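Observations on the three-dimensional arrangement
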Amino acid sequence: MSFGSTAKFESPDHVASALEPYGGITEALHFRDVAVYSVSCLSDGLETATDVLSQALLHSRFTEGEIEEARESIACEIEMFKLGADQEPIVTDCVHHAAYGGSTVGNFKICPAENLMSINRGDIMSFHTANFRPSKMVLCGVGVDHEELVKCGAKYFPNHLTEGSPSPIVQYTGGHCYKHDDSPPPMIGPQELPTLTHVAIGFESSSHQAEDYVKFCVLNTLMGGGGSFSAGGPGKGMYTRLYLQVLNRYHWIYSALALNHPYQETGLFTINGSCHPNHGWDLVQVLIKQFKEMGQGINHGELERAKTQLKSTLLMNLEYRNIILEDIGRQVVASGHRKTAPELCAMIDSVTPHQISEIVMKMLKNRPSVGAFGDLKYVPSFEEIEAAFERENGELTNRISHFLLRGARGGAAKTGLIKH
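Attention here is on the structure that accompanies the text. Note on numbering: residues in each chain are counted from 1, in written sequence order. The predicted nature of this model means local features are confined to residues of pLDDT at least 70 and side-chain atom pairs, given and counted, to a pLDDT of 80 or more, with totals for whole chains, interfaces and linings taken over all residues. To obtain the side-chain values, all non-hydrogen atoms of the structure were used and water was disregarded.

Let us now look at the packing of aromatic side chains. Under the pairing criterion, centres of Phe, Tyr and Trp rings, with the six-membered ring standing for Trp, must be within 6.5 Å; the plane angle then separates stacked pairs below 30 degrees from edge-to-face pairs above 60, leaving the rest tilted. Inspection of every chain in the model, using the stated rule, returns nine aromatic pairs. Ring centres of Tyr100 and Tyr172 lie 5.8 Å apart, and the angle between their planes is 85°; this geometry places the pair in the edge-to-face category. Taken together, the residues span a long stretch of sequence, with Tyr100 in the loop between helix H4 (88-99) and helix H5 (121-131) and Tyr172 in the loop between helix H6 (146-156) and strand E3 (175-180) at a distance of 72 residues. Both residues of the pair, Tyr100 and Tyr172, belong to the buried class. Strands here mean DSSP runs of E at least two residues long; helices mean DSSP runs of H or I at least four residues long; both are numbered from the N terminus. Only protein chains enter the accessibility calculation, which uses a 1.4 Å probe. A residue is then buried if its area is under 20% of the maximum for its type, exposed if over 50%, and partly exposed in between.

Attention now goes to the sheet that holds strand E7 (residues 267-275). Spatially, the six strands line up as an open sheet ordered E3-E8-E4-E7-E6-E5, and their pairing is mixed. On the outer flanks of this sheet lie E3 and strand E5 (225-227), each paired with one strand and no other. The average undirected angle you get between the axes of adjacent strands in this sheet is 20°. Pairing of strand E6 (residues 253-262) with E7, which is carried by nine bridges, proceeds in the antiparallel orientation. One bridge is not enough; two strands pair if DSSP finds at least two bridges between them. Comment: axis = line fitted to C-alpha atoms, over the contacting stretch for helices; angle = value between 0 and 180 degrees taken between N-to-C directions.

The terminal C-alpha atoms of helix H3 (residues 64-83) lie 29 Å apart, and with 20 residues this matches the ideal 28 Å at 1.5 Å per residue to within 8%. Where H3 is concerned, the buried positions are Glu66, Ile67, Ala70, Arg71 and Ile78. All buried residues of H3 lie within an arc of 140° about the axis, which places them on one face of the element. For H3, the exposed residues set more than 90 degrees away from the buried face come down to Glu69, Glu72 and Met80. Residues are treated as being in contact if the distance between any of their heavy atoms lies within 4.5 Å. Those residues of H3 hidden inside the fold are in contact with H5. Any helix carries an expected span of 1.5 Å times its number of residues minus one. What the arc measures is the spread of directions leading from the helix axis to the C-beta atoms.

Counting buried positions over the nine residues of E7 gives nine, a clear majority of the element. By the alternation rule, side chains of E7 split into Gly267, Phe269, Ile271, Gly273 and Cys275 and Leu268, Thr270, Asn272 and Ser274, which are all buried. In this structure, strand E4 (residues 197-204) lies alongside E7, joined through eight bridges in antiparallel fashion. Paired with His198 across the bridge in E7 is Ser274. Connecting the antiparallel pair E6 and E7 is a turn made up of four residues.

What follows deals with the side chain of Gln245. Here Gln245 shows up in helix H8 (residues 241-247). For this analysis, a polar contact is any N or O atom pair within 3.5 Å, provided that within protein one partner can donate a hydrogen and the other can accept it, and provided that sequence-adjacent residues contribute only side-chain to side-chain pairs. Within the local environment of Gln245, its side chain forms a polar contact with the side chain of Gln290, the two groups lying 3.3 Å apart. Contact partners of Gln245, with chain neighbours within four places excluded, come to Tyr250, Gln290 and Glu293.

What is meant by a nonpolar core is a set of buried Ala, Val, Leu, Ile, Met, Phe, Trp, Tyr and Cys residues, joined one to another through side-chain atoms within 4.5 Å. Judged by nonpolar contacts, the single largest core of 57 residues is most densely connected at Ile201, Phe269 and Phe291. Counting residues per element, this core draws most heavily on helix H9 (residues 280-294), at eight residues. Beyond its immediate sequence surroundings of up to four residues, Ile201 is in contact with Phe269, Thr270, Ile271, Val284, Leu287, Ile288, Phe291, Ser369, Val370, Ile385 and Phe389. The next biggest cluster of nonpolar side chains, apart from the first, holds 15 residues, and it includes Val39, Phe132, Tyr156 and Phe157.

Have a look at this one:
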């Protein structure tokens, strides 16, 4: 519903008509912790672009017709997730829900289908009033005159708007969120998609304002990972740990990927993996071992490779104006200023193997978070995973007895006696 009908523009078509003389386009991106509304146009359309932004952010009407269209669109997206081969967003939702107790950044990003019809205009207006307020906004521009942007901001973004309630505190809790679904995926072509087990294990890392943030970025690049098939050379991350020690060794693992999710007050470092359901236990054991081995030392070569790759990715991304715009907005709204690319590169260069080991050992002292989706009949329980992290060698319980036990549990789960 972003850039829909407002107090000034009756419909999205009227917004498009206002921007058309300047070749303008609109875009809205919503993440767990921030929303980015942007307008790209010719430089002489700055005032119109600012007007459109202020209308979308402060004066949206959210009509019943727009809400119904949004419901239909989201329902279609939910169905597309079921049809798609990429289930990464679902397991990422699960591990966040486990890590933060289902609140703040732990809320599901993918709307549960059962909640779709219960969201009404009152809910949307309340959310909008509480979150779209001046103290949370930053107006930024790329390729525009600063003084002109300030004038437009003063004209279209009044500073007398009332403030909402304080933002809730984000609290890491750890825990688990299992979604068992062994139904085969639908046929969408000549080759049917496999039924897989998806698991993500994570620990609290660092907020993007903390001293350890850049160290976790380096660690994330060092671990790397991806799918079981990838074309390309070192630039694709083929020499990262998860490629060398997981994907190249275990043919039954479909994907293994390290992800760092930084937020204002906290962060979540995860390793996600997927495999055939029969290897669910083995996959979890491999992921635990990778976490354990992180703190046992980083060699100079792999660290320098990770730092070089991270700087390369940073500088390449900053060649795009839309990414520069988002980067300015995110940094200023979080800290009030923006670190330049040379500053960030210097911070990356200063990271040492000892610092990586330190943040890993600190991270592993927290309670783990486990998210799992798919056929989970052979996935260990959260208690077993937590106990394995407490052991020095990271070993799970005996695999044979575990299989027998989980076989019984799997049968019970199918009859509804046990819910993951």
